[in-house]
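# Structural characterization, general
One-letter residues, chain by chain:
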Amino acid sequence: MRSHRLRRHACRLGIVLLLAVLALARPVRGAGADGPDLVLEVRLGDYLVSDALGAYQHGDDVYLPLGELARLLTIAIRSEPAEGLASGYILDEQRGFRLDLAQRLVIEGERRATFDPAHVKRQADDLYVASRLLAQWLPVDLEIDMASLVLRVRAREKLPLQARLERQSRGGTARHQDGGPPPVYARLDTPYALAALPFIDQTVALDAHCGATTLDYSAYLTADLAGMEAALYLHAGRAAGGASARLTLARNDPDAGLLGPLRARTLQIGSVLAPGVGDIALASGNGSGLAISNRTLGQPARTDRHTLQGDLAPGWDVELYFNEALIGFQQARPDGRYRFDDQPLIYGANEFRLVFHGPLGQLRIERHSFLIDQAMLAPGDVAYSASIQAGQHGAARALAQAEVGLAPQLSASGGVVRLALGKQDKRYANLGLHGYWRALLVDAAVARADDGGKLARIGLKTRVGGVAVSASHARLDSFASELFLPGPDPLRSRAELRLDGMLPGVGPMPMPLSVQLRREQLASGATRNEAGARLSAFRRGTALSAGALWRALDGVRHADASLQASRRVAGVGVSGHLQIAIVPDAGVSALALAADKFVGDGYLLNTAVTRTFADQQLRWSASLNKGVGSVGLGVSAFYTSRSDYGGGVQLFMALGQEPRSGRWLRDAVPMAAAGAASVRVFLDKNRNGVMDGDDEPIKGAGFAVNGGTHLARSDADGVVYLNRLPAHQHVDIAVDPATLEDPQWQAREPGRRLLPRPGKVSRLDIAIGITGEIDGTTYLAGAAGQRGMGDFELELLDRSGTIVGKTSSTADGYYVLGGVVPGDYLLRLAPAQLARLGLQYSGLHLITIDAAGSVVNGKDFHVTK
């Protein structure tokens, strides 16, 4: 009875909360709600141009921002959305470009053409053009992969960006989008609060099945609590099987600043996520306890395998891609989490992509990249992790593991583990040695259980040509663990081989191929063999993934295969899945077809039909969802060939508060798991770095976030809300100077570095100062007179004699030195250059830049031999 009352009251409380906010909250939409429907990653060949290009999807078309895409591709076109104009040139000044939305006219060089104005949408930040039309205007082919939200650009003519990348490749590897190293800004700390209002992702679902009705409520809340990050998950309702809750308090610091001399990066209390241990334990997310680690956040603790896990709300599912191949799929579990255990890592690049699909058509993508090509630790460095969790029936789960760097190419690891295996409480000890030489990575490990069971394993990873090779061999003596489960016929040995590479594809798109082989010998002498292969391809909007698995145990063979395909045809997304049994009985096991289409702004219609041949059942389903805007809504229905039927209504809303104004933000896309920043930009007239006195807010300022352009712009109060920042990762934020209305305005700091965390909005004030400008000409005097001479280096010194600015004169001797803050300076030619060339010059210039940002003209230099 008590459980029933708790479930009923929690469900009622959630419904009341959600309906009250819908009815009473002011009609303010979240920053993401007014923004683009899609956020695309832009790739030019193998080069990542941007990881956050906003786009809109309307009907059959995807609309891309003309001005921003041109800027990313270094095409000299600038848009003026307020006037409905865009102008510039394509690759050279002889090929002028002009777009006039009012006249429905586009001019490219000498060609004039009209266009349908419905294919150009004017937004506050840019002119958004249908991708098919944009590809006609610009010298590029544009291909949008909706499954992974990637815009692939193929240039029909060489772009300035490509020429720059070629120059960089001759001089070294490009590390950053602009060719230089990524900026490192001063860090801005966001203090923890004792308590704060949470961010909430919440869902109410009403389902009916053959006359029976269920009502469920779930919520994921994040906020500061007791000076830590708090994450609370609630689920209540009849379909949930009762009320459930889990709470985690955590601290995360990528700079290893936790717990003093322990220099920890992660501290978790409550419902903790414990890492796995090679050969012994899987990663665990169940049970309350404590976890501490100093390992790099988000990086694998082992070089052979990695577990990906996290929060996943009811109704959501997640696909896992590895090096562009689909390898896994999961739906939300009752505890609101997903977990892909022990994913194999290969030598070289390991690119994991998690694609999250919401029940109302929402789409979210996370990427995790690991480079496995050398020992993880430098000599003397120590990496450790320790956790303890309460287990079932009183058996605790605990582990302590450490790894130490012994030499530049060698490290050792070891630790102890306690866990419940079946009904037994078992303890283990393990040791390992890991080294690499050139392109070969080798590790050896031994483990022993408290019942005398032993294991020894050796493994290697390397690359042969374009193929990554992973191989391992393990010998067991009465050894059982979560990775080698006990049974009536124990395992004596296991040998594994994995090959990962690329097959040449049709055109420029290669096809990832993976082959896995396993051979096991049992105590009885029986053998168990397994072989699997997976091939993927993407070409002209069509994605294919095919896999096969063959198993044999003492002559008994089983084999099956699967094929998945998807493509958008005339604005309709079509996908199919085919499951085939090969041995012992050949035939089709299951067939599923699905289609989706946008039928209005933000409304997505889904239909699907599934046939399972074992029970001869056919199932039809359809849903209409709205997954963008301030609230997500969905209506669904299904019917089967057995006369089962049902339907449901689902309501989703994410809530959060903007800290400066106190207004509530609403969104149809989850935001509780991400970070955010409230940034205020102002003109600092009194130069004290604080907004006060006559200082003025700056409207329309744009921002660079981790080197990429963010979609948001500051409002009339100079405030912008930057949402969905990656949690627990450094984020560099700077003002984009090209968006400031006065070219003499300049940020007093190049940028600031934040560490976003879930449920917390960091506050950042950016002071913009008025700067001045100095110009003049450098002359070289000779017997025939004097003439302007270029390539002279000029230095600007402040009162203390420190060089605060540099520039060089152009070929005709003219120079401009901008961005000079108010003050008194000394301007000179670089003495070192003059001495090297054996030249003399006429003197120095005393410069004063006043508070209004004066422009000082005609500061010439006369150089003689």
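These numbers were taken from a predicted model, which means no experiment stands behind them.

## Focus on the overall build of the chain
In terms of helices and strands, the chain carries six helices and 63 strands. Per-residue burial over the chain gives 45% buried out of 865 residues. Counting contacts in the chain only where the partners sit at least 6 residues apart, residues at least 24 apart contribute 51% of the total. A total accessible area of about 41400 Å² is found for the chain, and carbon and sulfur atoms account for 56% of it.

## Regarding the pairing of strand β32 (residues 467–477)
By the bridge criterion, 11 bridges tie strand β31 (residues 454–464) to β32 in an arrangement that is antiparallel. Paired with I458 across the bridge in β32 is H473. If you look at the hairpin formed by β31 and β32, you'll find two residues sitting between the two strands, and G465 has a positive phi there, around 65°. Looking at chain direction, β32 and strand β33 (residues 491–503) are connected through eight bridges and run antiparallel. Residue A471 lies in a different strand from β33, and its bridge partner there is L497.

## Some points on unusual backbone geometry
Residue P584 is bonded to the preceding V583 through a cis peptide linkage, with omega at 5°. Tracing the sequence through the fold places P584 in the loop between β38 (572–583) and β39 (587–600). One non-glycine residue, T74, lies in the positive phi region at around 60°. One can find T74 in the loop between α3 (66–72) and β4 (77–80). Positive phi values are uncommon outside glycine, yet R687 reaches one of about 60°. Topologically, R687 is positioned in the loop between β45 (675–683) and β46 (696–697).

## A short note on the confidence of the model for the chain
In the predicted model, the chain carries a mean pLDDT of 83, and 88% of its residues have values of at least 70. In this model, residues 1–34 is a region of pLDDT below 50 whose contacts with residues beyond four sequence positions or in other chains number 56 contacts. Within the model, the stretch residues 167–181 combines pLDDT values under 50 with 18 contacts to residues more than four positions away or in other chains.

## Description of the sheet that holds strand β52 (residues 752–754)
Strand order across the open sheet formed by five strands is β13-β52-β50-β47-β48, with mixed pairing between neighbours. Across the chains shown, the open sheet's two edge strands, defined by having one partner strand only, are β13 (186–187) and β48 (708–709). Of the pairings in the sheet, the one linking β13 to β52 comprises two bridges and is parallel in character. The residue of β52 that forms the bridge with R187 is R753.

## A few points about a nonpolar patch on the surface
The grouping of L206, L215, V635 and V649 at the surface amounts to a nonpolar patch, some 310 Å² of accessible area in total. Topologically, L206 is positioned in strand β14 (residues 199–209). You can call L206 partly exposed: its relative accessible area is 40%.

## Remarks on the sheet that holds strand β2 (residues 47–58)
Strand order in the open sheet made by the seven strands is β9-β10-β3-β2-β1-β12-β11, with mixed pairing throughout. Looking at strand neighbours, the two that pair on one side only are β9 (120–122) and β11 (140–145), the edges of this open sheet. Between one strand and the next, the sheet's axes are offset by a mean angle of 35°, whatever the strand orientation. The sheet contact formed by strand β1 (residues 38–44) and strand β12 (residues 150–155) spans four bridges and is parallel. From the neighbouring strand, R43 faces β12, where its bridge partner is R152.

## What about the pairing of strand β44 (residues 664–667)?
The side chains of a regular strand alternate between both faces of the sheet. Of the pairings in the sheet, the one linking strand β43 (residues 645–657) to β44 comprises four bridges and is antiparallel in character. Within the sheet, the bridge partner assigned to A654 lies in β44 and is D667. Two successive antiparallel strands, β43 and β44, enclose a turn made up of six residues, where G662 displays a positive phi of approximately 80°.

## A short note on the side chain of E520
Tracing the chain through its elements places E520 in strand β34 (residues 511–522). The class for E520 is buried, based on a relative accessible area of 4%. Here the side chain of E520 touches R494 through a polar contact of 2.7 Å, side chain to side chain. At 2.7 Å, the side chain of E520 forms a polar contact with the side chain of R528.

## Re the environment of L844
In this structure, L844 sits in the loop between β60 (840–841) and β61 (845–849). Sequence-wise, L844 and R828 are 16 residues apart; in three dimensions their C-alpha atoms are separated by 5.2 Å. In this view, L844 contacts L826, L827 and R828; residues no more than four positions away in its chain are not counted.

## Observations regarding the environment of W437
Counting through the fold element by element, W437 comes out in strand β29 (residues 424–437). Spatially, the C-alpha atom of W437 lies 9.4 Å from that of L410, the residues being 27 residues apart in sequence.

## Overview of the nonpolar core
Ranked by internal contacts, the top residues of the largest apolar core, which has 42 residues, are L64, W137 and L151. Listed in part, the 22 residues of the second largest apolar core include L683, L722, V735 and I766.

## Let's talk about the packing of aromatic side chains
In the structure shown here, the tally under the stated rule is nine aromatic pairs. When the ring of Y428 is compared with that of F479, the centres are 5.7 Å apart and the planes differ by 65°; the resulting orientation is edge-to-face. Pair noted here: Y428 is in strand β29 and F479 is in the loop between β32 and β33, with a separation of 51 residues, a long-range link. Considered together, Y428 and F479 belong to a single accessibility category, that of buried residues. When the ring of F479 is compared with that of F484, the centres are 6.5 Å apart and the planes differ by 70°; the resulting orientation is edge-to-face. Pair check on accessibility: F479 and F484 agree, each one buried. An aromatic cluster of three or more residues is present, and its members are F97, F115 and W137.

The rules behind the values
Residues numbered from 1 in each chain as written. Predicted model: local features only at pLDDT ≥ 70, side-chain atom pairs only at ≥ 80, totals over all residues. Heavy atoms only, no water. Helix = DSSP H or I, 4+ residues; strand = E, 2+ residues; numbered from the N terminus. Buried < 20%, exposed > 50% of the residue type's maximum accessible area, 1.4 Å probe, protein only. Contact = heavy atoms within 4.5 Å. Areas by Shrake-Rupley, 256 points an atom, 1.4 Å probe, with all protein chains shown as cover. Pairing = 2+ DSSP bridges. pLDDT = per-residue confidence, 0-100. Patch = residues over 30% accessible without salt bridge, like charges linked within 9 Å, V, L, I, M, F, W, Y side chains within 5 Å. Salt bridge = Lys/Arg side-chain N within 4 Å of Asp/Glu carboxyl O. Axes fitted to C-alpha atoms, helices over the stretch in contact; angles between N-to-C directions. Polar contact = N/O pair within 3.5 Å; in protein donor to acceptor, adjacent residues only side chain to side chain. Core = buried A, V, L, I, M, F, W, Y, C linked by side-chain atoms within 4.5 Å. Phe/Tyr/Trp six-rings, centres within 6.5 Å; stacked < 30°, edge-to-face > 60°.

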